[in-house]
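Working through the structure, step by step
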Amino acid sequence: MSKFKQLYKPLLDRAQWQAPEETALEGTGFGHWLLEPDSLSRRFQRHCDHFTVSLIEQTRIHKSQLSDDERALIGDVDCLLRKVVLMGDGIPWVFARTLIPASTLTGQESDLEQLGEMPLGLRVFTDRSARRDALVVANVGTCNDPLWARRSRLWINEKPLLVAELFLEAAPVYAKESQSWN
Ligand SMILES: C=C(O[C@@H]1C=C(C(=O)O)C=C[C@H]1O)C(=O)O
């Protein structure tokens, strides 16, 4: 089992998700990143020379494996589960876990199953219909050493997928100089 899965999946699993307005994120350096409505991948590309994605795992899961939260957001459906690490110049920045319903992997979106190490966001946000909602955040670290995560639902051609992202210690979200609008 990948060290990323061993280390980071449990942190996402136990995240106590909160609506952004319940946290003091608005207007903070963290908030500019965590509340990013557009593609995180595109934003990361502006903060490194080589933005890459490492595919950790991709598998089909039965709808019985969904949490109640997940089922409420994307339906009681079998899904494709995709786990990746996003890296800037080879440094792990985000551990991401995405659930793509089988009903989303149809028509123009059937290619989402063959993304491999192409960033999901660069594919989804090239579609004019793409939008993000149901964004929630969680600090899965401590007050003194925050480790932020977010979960949001993406829509492409009115079909949903659910993305959970854990911002690892080296991610620019924690760097003073990058806590701005860019
Ligand atoms: C949804 C996006 O795609 C990013 C890339 C992912 C992937 O390649 O699996 C998963 C989550 C995101 O961090 C985005 O760029 O906003």
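Residues numbered from 1 in each chain as written. Predicted model: local features only at pLDDT ≥ 70, side-chain atom pairs only at ≥ 80, totals over all residues. Heavy atoms only, no water.

Going by an unreviewed UniProt entry, the protein carries the name Probable chorismate pyruvate-lyase and comes from Photobacterium proteolyticum. Reading the Pathway (unreviewed entry) entry of the UniProt record for the protein gives the comment "Cofactor biosynthesis; ubiquinone biosynthesis." Annotation of the protein in UniProt includes, under Subcellular location (unreviewed entry), the sentence "Cytoplasm". (UniProt positions renumbered as here; feature names shortened; annotations may be inferred.)

Moving on, we come to the UniProt feature "binding site: substrate" (unreviewed entry) in the protein. Feature annotation in UniProt assigns "binding site: substrate" (unreviewed entry) to the following positions: Arg 82, Leu 120 and Glu 165. The greatest C-alpha distance among the annotated residues, which extend across 84 residues, is 12.3 Å, indicating that they converge on a single site. Locating Arg 82 in the fold gives a position in strand β2 (residues 79–88). Owing to a relative accessible area of 3%, Arg 82 belongs among the buried residues under this scheme. Excluding anything up to four places from it in sequence, Arg 82 contacts Val 53, Leu 55, Glu 57, Gln 58, Ala 96, Arg 97, Thr 98, Leu 115, Gly 116, Met 118 and Leu 120. By secondary structure assignment, the location of Leu 120 is in helix α5 (residues 120–124). A relative accessible area of 10% places Leu 120 in the buried class. Setting aside anything within four residues of it in sequence, one finds Leu 120 in contact with Arg 82, Thr 98, Leu 112, Leu 115, Leu 161 and Val 163. (Helix = DSSP H or I, 4+ residues; strand = E, 2+ residues; numbered from the N terminus. Buried < 20%, exposed > 50% of the residue type's maximum accessible area, 1.4 Å probe, protein only. Contact = heavy atoms within 4.5 Å.)

Spatially, the 6 strands line up as an open sheet ordered β1-β2-β3-β6-β5-β4, and their pairing is antiparallel. Of all strands in the sheet, those bounded by a partner on one side alone are β1 (51–61) and β4 (131–139). Each neighbouring strand pair of the sheet contributes to a mean axis angle of 20°, computed without reference to strand direction. With 10 bridges connecting them, β2 and strand β3 (residues 91–101) associate as antiparallel partners. When the sheet's bridge partners are listed, Leu 86 is paired in β3 with Val 94. Taken strand by strand, helix α1 (residues 3–13) contacts β1, β2, β3, β5 (148–156) and β6 (159–167), and its axis lies near 65° from that of β3. (Pairing = 2+ DSSP bridges. Axes fitted to C-alpha atoms, helices over the stretch in contact; angles between N-to-C directions.)

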